[in-house]
Amino acid sequence: MLQAIGLTKKYKDHTALNKLNLTIEAGEIYCLLGQNGAGKTTVINLFLGFTEATSGEARINGLVVKPNDPSVKKFLAYIPEVVMLYGNLNSMENLDFFSKIAGFTYTSQELEDFLLQVGLQPEAFYRPLGNYSKGMRQKVGIAIALAKNADVLLMDEPTSGLDPKATNEFTELVKSLGKQGKIVLMATHDIFNAVNVGTTIGIMRQGTLVHELSAADINANDLQKLYLETI
Ligand SMILES: Nc1ncnc2c1ncn2[C@@H]1O[C@H](COP(=O)(O)OP(=O)(O)OP(=O)(O)O)[C@@H](O)[C@H]1O
């Protein structure tokens, strides 16, 4: 479970995040919307331990996140806008490397199975990542999350810059993660994608979570209307 309890981040006198209360359960895909500077990345960075809370707590599976604390890191995988991988290594080598860092050693067959599971085309498995498309890198990033058995995937604008086909593939992949009981917290500007992939949608304004709704209760048009009224 992912929990924010009164989670607050201030930079000098600027409040980037104001008393966020949030609970995300296994199987939930929580999409955070909000205009530039609303505080979405701050939420993700606090869960990742990249930055320290001014007050309140970010908890993962009951453990309070503290900067540079490895005990919660094992539960987490981070999918940024551009997944950072070794461009001179192929996807099998990247997956093997990052799995081993997380304490897992897999056979070649098992590594290939993770890549197949995320929909990477087999002809790319042994090709250096340097010439992969953004969508292919995202898939390898998710394969790494699966290989390290992360319960929680934190995603910051993962579909930004993806073409519609790659976005659709990514959406289906994220839905399948939810069905496997993973927790996904995704910051996004893509309202259509949020309503399509999300189970829960939060709308932020100036550091405050203003709306939280079930994706089943709203369509993309109404969500866009609510979003524009909110920001
Ligand atoms: N290191 C920092 N120092 C000072 N202010 C910061 C820092 N990081 C973020 N902020 C401020 O905190 C606020 C929230 O920023 P954040 O990056 O969380 O927004 P966001 O919703 O992710 O925006 P975007 O959609 O542009 O990525 C902004 O006003 C931003 O300028």
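Provided above is the structure to which this section pertains.
Quantities reported herein were computed from a predicted structural model and do not represent experimental measurements.

Analysis parameters
- Residue numbers run consecutively from 1 along every chain, following the written order of its sequence.
- Since the coordinates come from a predicted model, pLDDT governs what is reported: local features require at least 70, and pairs of side-chain atoms require 80 or more to be given and counted, while whole-chain, interface and lining totals use all residues.
- Water and hydrogen atoms play no part in the side-chain values, which are based on all heavy atoms of the structure.
- One heavy atom suffices: a residue is near a molecule or strand as soon as one of its heavy atoms comes within 4 Å of it.
- Any pair of N or O atoms that falls within 3.5 Å is considered a polar contact. Within protein, one atom must be able to donate a hydrogen and the other to accept it, and sequence-neighbouring residues count only if both atoms are side-chain atoms.
- With residues, only the protein chains shown are counted as cover, and all accessible areas are computed by Shrake-Rupley using a 1.4 Å probe.
- Pairs of strands are assigned from DSSP output, requiring at least two bridges between the strands.
- Segments assigned H or I by DSSP are reported as helices when at least four residues long, segments assigned E as strands when at least two residues long, and all are numbered from the N terminus.
- Each residue is placed in one exposure class: buried if its accessible area under a 1.4 Å probe, protein chains only, is under 20% of its type's maximum, exposed if it is over 50%, and partly exposed if it falls in between.
- It is the directions from the helix axis to the C-beta atoms whose arc is reported.
- It only takes one pair of heavy atoms within 4.5 Å for two residues to be counted as in contact.

S.K.: Hey, could you run me through the site of the ligand in this one?
M.R.: Around the ligand lies a shell of 13 residues, among which Asn36, Gly37, Lys40, Thr41 and Thr42 are the nearest. Within the side chain of asparagine 36, an N or O atom sits 2.9 Å from an oxygen atom of the ligand. At 2.9 Å from an oxygen atom of the ligand is found a main-chain nitrogen or oxygen belonging to glycine 39. The protein chains hide 61% of the 640 Å² of surface that the ligand would expose on its own.

S.K.: Hey, could you run me through the sheet that holds strand 5 (residues 63-64) in this one?
M.R.: Across a sheet, strands are paired by hydrogen bonds formed along the backbone, either parallel or antiparallel in direction. In spatial order, the strands read 2-1-4-5; together these 4 strands make up an open sheet with antiparallel pairing. Lying at the two open borders of the sheet, with one neighbouring strand each, are strand 2 (14-24) and strand 5. Relative to strand 4 (residues 55-60), strand 1 (residues 2-11) runs antiparallel, the two sharing 5 bridges. Its bridge partner being in strand 4, glutamine 3 is matched across the sheet by arginine 59.

S.K.: For this particular structure, what's the right way to read helix 4 (residues 108-117)?
M.R.: Owing to its 3.6 residues per turn, the α-helix aligns residues three or four sequence positions apart on the same side. For helix 4, every residue scored as buried is listed here: Leu111, Phe114 and Leu115. With its buried residues spanning 95° around the axis, helix 4 presents them on a single face. On its buried face, helix 4 sits against helix 3 (91-101) and helix 5 (134-147). In the stretch just after helix 4, glycine 119 is the one whose phi turns positive, near 85°.

Just distances and angles here, no functional claims.
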